[in-house]
Amino acid sequence: MLFTKAISIATAVALSVSSVAANRARVVQYWGQNSAMGWNTQKNLASYCDGSTDILIISFISSFNLGGLPTLNLSGACTDTYAGTKMLKCPQVANDIRFCHKRGVKILLSLGGGAGSYGFQNDGQAIEFANTLWNLFGRGWSPTRPFDTAVVDGFDLDIEGGGSTGYVAMVRQLRNLFATDHLKPYMITAAPQCPFPDAMLGSVISSIGFDAINVQFYNNYCSPLSGSFNFQTWDNWAKYTSPNKNVKVFLTIPGSPSAAGSGYVPFNQLSNIIKYLPGKYSSYGGVSIWDASQSQNNKEVYPNFAVAISNLVHSTFTQHDTIPDPTPGSDSPTCVKQNDSCSNNGAVVCTNGGFAICDNGSWSVQACSSGTQCLPTTDNISGYCGLAIGGSEICTNPTVSSNFSMKVADADIPTPKPYVAGQVSAQLSVLSSTSSTFEFVINARRLNTLPFGSSVVVSFTVANGVAITNVTDGTVNQTGNKVVAQIKNTNKQSMSLVFNFSGSVKDIVFTTPDDNSMSFQT
């Protein structure tokens, strides 16, 4: 999904069918899932068309290509159905869409999400589904249109699992259908996760033009506060690889701490990021938020997180103003050496490819085990030994607070290697690490169209001295080096799962599980 300098904010872009014209930075919010889960935490759609949000994305079409009509899930915002079907009939949402259109707010519909089951076996299925979408939500016709005659402004692909088959063909067919309607422009966006390239959408967004990309900078190692924050990578993709060279990249963030497993950024730190990005990256389009129920009820800043973000993003700076890059100084990490003095007993840092532990006032430098190297934790102030891809040796410094001068460095840094276990791709991100404790998150995604079930068993092998003691939404048992966790999937079936582990270490720094030991059963 990050400085106290004279900084200019980019004017981003007005989204259109094939490009995003330069205009101003915009705010996008997802609506429909009520992820805050309170009985009154999600208001009706029209409530968010109050001037603070430019684009609202209704979420989700959570199941499709399973035969019959797709599943529209609005988490209680609409419950009536057409007779003899499970398709929602939502006259209030239809009226809200019309109201928002009058206020100049674009309304998209998102496909996918973490829960549900979806995907294609071939391009023919995808083309047929594009036609179904057009008839149900576009300018086409169907006797079971959820939003009656109200027409959405396009579609968002939040494909969390199921593979990439068919999506290029689907987007191409949607573009063909959009071209038949001369009454308004349409747009297509996507929501890849920040590890590049995205495991599901990487090949899709590089094969056909999208108007905007809502990159999820959370639940992964590349969140804005980490030393691996990779907005530059996505900016380079937008300018040099994307078929649409005018595509805009949005910083997608959680709307509150409870909106994601990891990656929430407090407003005072996030504001520095939002001020910096426009002047640095020409592809910057604005900020998107998961989700409206979280951001509106987050009172960290007055009157709420959503309005504060909107006021900041909509500031009238231009992207053509030049700003200095954050410069190294007293905040820059320095590689510690054996027996250098330290004050934070138990701290762990990366230094010259290995790690150092603060032990009784001095640093003890050691090497990571074979096949691993020291990587920064997502708070960028500690380190651990893990499987890595590329990059050069790095140093971290626990005396340096999370500040922006460390977050957008152009240096080639190593990134955590994803695990591939059968039909699951899993990204492990370490949130914190000391000489005695650790916490990490696993973001697991199905590579085929078979979803995770209501119970998922995850097993892996850890290094000597590592003890896994807790897992969110489940139980964990460890025998020797073998760890087996049984996780309850609260969505019953889903294309992705995010869960956190924590534990302790003895006589070792935390080291990630063995490369080929991870498995998933559901």
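Look up: the structure comes first, before these words.
The sections below set out a description of the structure shown in this document.

So, how was this worked out
Residues numbered from 1 in each chain as written. Predicted model: local features only at pLDDT ≥ 70, side-chain atom pairs only at ≥ 80, totals over all residues. Heavy atoms only, no water. Helix = DSSP H or I, 4+ residues; strand = E, 2+ residues; numbered from the N terminus. Buried < 20%, exposed > 50% of the residue type's maximum accessible area, 1.4 Å probe, protein only. Phe/Tyr/Trp six-rings, centres within 6.5 Å; stacked < 30°, edge-to-face > 60°. Pairing = 2+ DSSP bridges. Axes fitted to C-alpha atoms, helices over the stretch in contact; angles between N-to-C directions. Contact = heavy atoms within 4.5 Å.

1. Structural notes on the overall build of the protein
- Across its full length, the protein carries 8 helices and 27 strands.
- Buried positions account for 58% of the 522 residues belonging to the protein.

2. A look at the packing of aromatic side chains
- In total, this model carries 29 aromatic pairs according to the counting rule given.
- Considering the side-chain rings of F120 and F129, the 5.9 Å spacing of their centres and the 50° angle between planes classify their relative orientation as tilted. For the residue pair F120 and F129, the accessibility class agrees, reading buried in each case.
- Between F499 and F501, the ring centres sit 5.7 Å apart and the planes meet at 80°, which makes this aromatic pair edge-to-face.
- Relative accessible area serves as the criterion here: at 1%, F499 is assigned to the buried category.
- Given the relative accessible area of 1%, F501 is considered buried.

3. As for the sheet that holds strand β26 (residues 496–505)
- Pairing is antiparallel across the open sheet formed by 5 strands, whose spatial order is β19-β20-β21-β26-β23. Both outer strands of the open sheet, β19 (419–421) and β23 (466–471), are each paired with one neighbouring strand and no more. Taken over all neighbouring pairs, the strand axes of this sheet differ in orientation by 30° on average, direction set aside.

4. Notes on the environment of R172
- Turning to its location among the elements, R172 is positioned in helix α3 (residues 167–178).
- The partly exposed category is assigned to R172, whose relative accessible area is 44%.

5. Quick word on the environment of G163
- With respect to the helices and strands, G163 occurs in the loop between β7 (154–158) and α3.
- Between the C-alpha atoms of G163 and M200, which are 37 residues apart in sequence, the distance is 5.2 Å.
- Not counting the four nearest positions on each side in its chain, G163 is found in contact with M200, R446 and L447.

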